[in-house]
Amino acid sequence: MNTQTRKRIELPIEGMTCAACASRIEKNLNKLPGVEATVNFANEKAHVDFDEHQTSSHALINAIEKSGFHIAPQSVQLQLHDMTCAACATHIEKALNKLPGVHATVNVATETAKVSFMPDVSTKQLIDAVISAGYGATEISESGRAEEKARKQAAYERELRLFWISALLTLPLVLQMGAMFSDHDMDMLPRWLQWLLATPVQFWIGRRFYTGAWHALRSGSANMDVLVALGTSMAYGFSTVVMLFSLDQHIYFEASAAIITLVLLGKLMEARAKGKTSEAIESLIKLQPKTARVERHGEVIELPVEQLQVDDIFLVRPGESIPVDGIVTEGASNIDESLLTGESLPVGKQSGAKVFAATQNLQGFLKCRAIGIGASTQLANIIRLVEEAQGSKAPIQRMADTLSGIFVPVVVVISILTFFVTWWLANDFVTALIHAVAVLVIACPCALGLATPTAIMVATGRGAQAGILVKNAAALEHAEKIQTLIVDKTGTLTEGKPHVTDVLPAPSITADHLLQIAASLEQGSEHPLARAILD
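All values derive from a computational prediction rather than experimental measurement.

**Considering the overall build of the chain**
When helices and strands are tallied, the chain shows 18 helices and 17 strands. For the chain, the proportion of its 535 residues judged to be buried stands at 40%. In the chain, of all internal contacts separated by at least 6 residues, the share reaching a separation of at least 24 is 67%. Counting only carbon and sulfur atoms, one obtains 59% of the accessible surface of the chain, whose full area is about 29300 Å².

**Topic: the packing of helix 6 (residues 191-205) against helix 7 (residues 207-218)**
Running from amino to carboxyl end, helix 6 crosses helix 7 at an angle of 40 degrees, the nearest separation of the two axes being 5 Å. Taken together, the axes of helix 6 and helix 7 lie oblique to each other. Of the residues in helix 7, those in contact with Gln202, Phe203, Trp204 and Ile205 of helix 6 are Arg207, Arg208 and Tyr210. Looking at the contact of helix 6 with helix 7 residue by residue, the class counts come to four nonpolar, one polar and two charged.

**Observations concerning the environment of Phe419**
Within the fold, Phe419 resides in helix 13 (residues 395-426). The buried category is assigned to Phe419, whose relative accessible area is 14%. A sequence separation of 15 residues divides Phe419 from Ile434, and the C-alpha atoms of the two residues are 8.2 Å apart.

**Things to note about the environment of Pro119**
Looking at the element boundaries, Pro119 is found in the loop between strand 7 (112-117) and helix 4 (123-132). Relative accessible area serves as the criterion here: at 12%, Pro119 is assigned to the buried category. Once the C-alpha coordinates of Pro119 and Leu11 are considered, the two residues, 108 residues apart in sequence, prove to be 6.1 Å apart.

**Topic: the sheet that holds strand 4 (residues 70-71)**
If you walk across this open sheet you meet the four strands as 2-3-1-4, and the pairing is antiparallel. Since the sheet does not close on itself, it has two edges, and those belong to strand 2 (35-40) and strand 4, each with one partner. Docked against the sheet, helix 2 (residues 57-66) engages strand 1 (6-14), strand 2, strand 3 (45-51) and strand 4, running at close to 30 degrees with respect to strand 1.

**So, the packing of helix 3 (residues 86-97) against helix 4**
Relative to each other, helix 3 and helix 4 sit at 135 degrees, their axes nearing to 9 Å. Of the possible angle classes, the one that applies to helix 3 and helix 4 is oblique. Crossing angle aside, the handedness with which helix 3 passes helix 4 is right-handed. Within the contact between the two elements, helix 3 uses Ile92, Ala95 and Leu96 and helix 4 uses Leu126, Ala129 and Val130. Among the residues forming the contact of helix 3 with helix 4, the class breakdown is six nonpolar, no polar and no charged.

**A few points about the packing of aromatic side chains**
What the rule picks out here adds up to nine aromatic pairs. Summarising the aromatic geometry, the rings of Tyr236 and Phe253 are spaced 5.6 Å apart at their centres and angled 65 degrees between planes, so their arrangement reads as edge-to-face. On the criterion of sequence distance, the pair formed by Tyr236 in helix 8 (residues 224-244) and Phe253 in helix 9 (residues 253-277) is long-range, its members being 17 residues apart. Neither residue differs from the other here; Tyr236 and Phe253 are each classed as buried. Their ring planes at 80 degrees and their centres at 5.1 Å tell us that Phe419 and Phe420 sit as a pair that is edge-to-face. A network of ring pairs unites the aromatic residues Phe203, Tyr210, Tyr236 and Phe253 as a single cluster. Directly above the ring of Phe209 sits Arg208, whose terminal nitrogen or CZ lies 5.5 Å from the centroid.

**Description of a nonpolar patch on the surface**
On the surface, a cluster of nonpolar side chains totalling about 410 Å² of accessible area is made up of Val241, Leu244, Phe245 and Leu247. Positionally, Val241 belongs in helix 8.

**So, the pattern of salt bridges**
Per the stated rule, a full pass over the model turns up 11 salt bridges. Salt-bridge contacts for Lys367 lead to Glu295; the nearest nitrogen and oxygen are separated by 3.2 Å. Of this pair, Lys367 sits in strand 17 (residues 366-372) while Glu295 sits in strand 9 (residues 291-296), and the two are 72 residues apart along the sequence. Overall, the relative accessible area of 31% leaves Glu295 in the partly exposed class.

**Describing helix 7**
Each α-helix winds once per 3.6 residues, and so residues spaced three or four apart point in a common direction. Along its 12 residues, helix 7 runs 16 Å from first to last C-alpha, staying within 8% of the 16 Å computed at 1.5 Å per residue. Three or more residues of helix 7 are buried, namely Phe209, Gly212, Ala213 and Ala216. All buried residues of helix 7 fall inside an arc of 100 degrees around its axis, so they share one side. Exposed side of helix 7, more than 90 degrees from the buried face: Arg207 and Trp214 are the residues found there.

About the cut-offs
- Residues numbered from 1 in each chain as written.
- Predicted model: local features only at pLDDT ≥ 70, side-chain atom pairs only at ≥ 80, totals over all residues.
- Heavy atoms only, no water.
- Helix = DSSP H or I, 4+ residues; strand = E, 2+ residues; numbered from the N terminus.
- Buried < 20%, exposed > 50% of the residue type's maximum accessible area, 1.4 Å probe, protein only.
- Contact = heavy atoms within 4.5 Å.
- Areas by Shrake-Rupley, 256 points an atom, 1.4 Å probe, with all protein chains shown as cover.
- Axes fitted to C-alpha atoms, helices over the stretch in contact; angles between N-to-C directions.
- Parallel < 35°, antiparallel > 145°, perpendicular 65-115°, else oblique.
- Nonpolar A, V, L, I, M, F, W, Y, C, P; charged D, E, K, R; others polar.
- Pairing = 2+ DSSP bridges.
- Left-handed = near helix turned anticlockwise from the far one by under 90°.
- Phe/Tyr/Trp six-rings, centres within 6.5 Å; stacked < 30°, edge-to-face > 60°.
- Lys NZ or Arg CZ within 6 Å of the ring centre and 35° of its normal.
- Patch = residues over 30% accessible without salt bridge, like charges linked within 9 Å, V, L, I, M, F, W, Y side chains within 5 Å.
- Salt bridge = Lys/Arg side-chain N within 4 Å of Asp/Glu carboxyl O.
- Expected span 1.5 Å × (residues − 1).
- Arc of directions from axis to C-beta.

Right, dumping it as structure tokens:
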């Protein structure tokens, strides 16, 4: 037996109802050549050791499907790098969907890919597919959020420095354009100096556009970087030829440098907008306490929330937030669960009741047993819901994605046609070239593919900050047709906190005296009505 060709995989199975189901699946799998399989009914998984030369992972899945059961698809979110426009997103989406059993949707605004895949495909294969397409990808995890935020911040600061350098080099070139509006057809700056200022902007600051264009063209597609690289290179190349051969023509170094600088400014504004829209998710994450008091070996120790394990006993004092999902084992209290339910009235909790991460313990002391930690908490589910809503595609976005996928080739063709038609009509090569470059440059910003996903990100993010969760982009799109809104509780529409609006004392007592008596009675209580009276 060649151990180098053998592979072990774990297949999650849906639909098993008894041990006989597991036996039937196991029997059908072991009929395949080179397969050794065991099926565990308890955890609903098949552990398969097989020879890849004799049986494929696809054949294993087919055998389970023929037995009348289903393989549960897995899902993962990938953080994408080096994307510049909607065409990049379309290209990555196609590269991922080429893999067998993979369904991927890429969001250009969040720079993420949500991928559903069968267990015979690994996360590494997904990342390799993105890298082969000319981009970068990493798996999004709870621990990686802070690292990703730091990486994006560092990238933003680096881009900001490059922009200011580019702006300083471009400014003299733009100022000397004033000569065009005067009667003197002379360059305010020597042409060699203009070339010296424009060259680092073109090939150092603008290197990202050449790199992005090369990756896109190498993999058989075209993105916005192709337009920027083509347009600025034509203007820069023509001006260099005019300078070297001392031709009696205008030069356009200021155009190539200004285009790159302005596109960089647009990228910075775009990155800043993306950063702000992700603040909603960050604010939800911050609701969970960072540490918890845990009872271990008869001692109470304070641990980071990430180190808690299922069945750990944790303690919650009055006024503290609950660190993870759990079940009350000792104590009684009222919990503010408005974060999850929108209901402002506290919920009474006694032994055996469930408590949830990030909800607030109002007055009693609680001892609880952890049942949901990390990504298994109710808060994590809400965060996941917001992320999925931000990454989902509205029906109208399908049209935008289709158009953005063919946008760049169409613009290039229009630019070429513009060049030849202008040359034929005006009989002037320089004018024709300028018009062709103008077509390429005007098309550069590509708001088409970015507008819809950015609008969805902003809407779902702002909604989450206001306590409104949107299931997906399709629901958000249909929401504009709503004519009547029916709600079932006042906390949904009000602030969720009662306030004393009027004091109506009996004739024998003053308003101040009545308030003093009421406040004395409510002192020490954490009930919402007591708080309103005390306030």
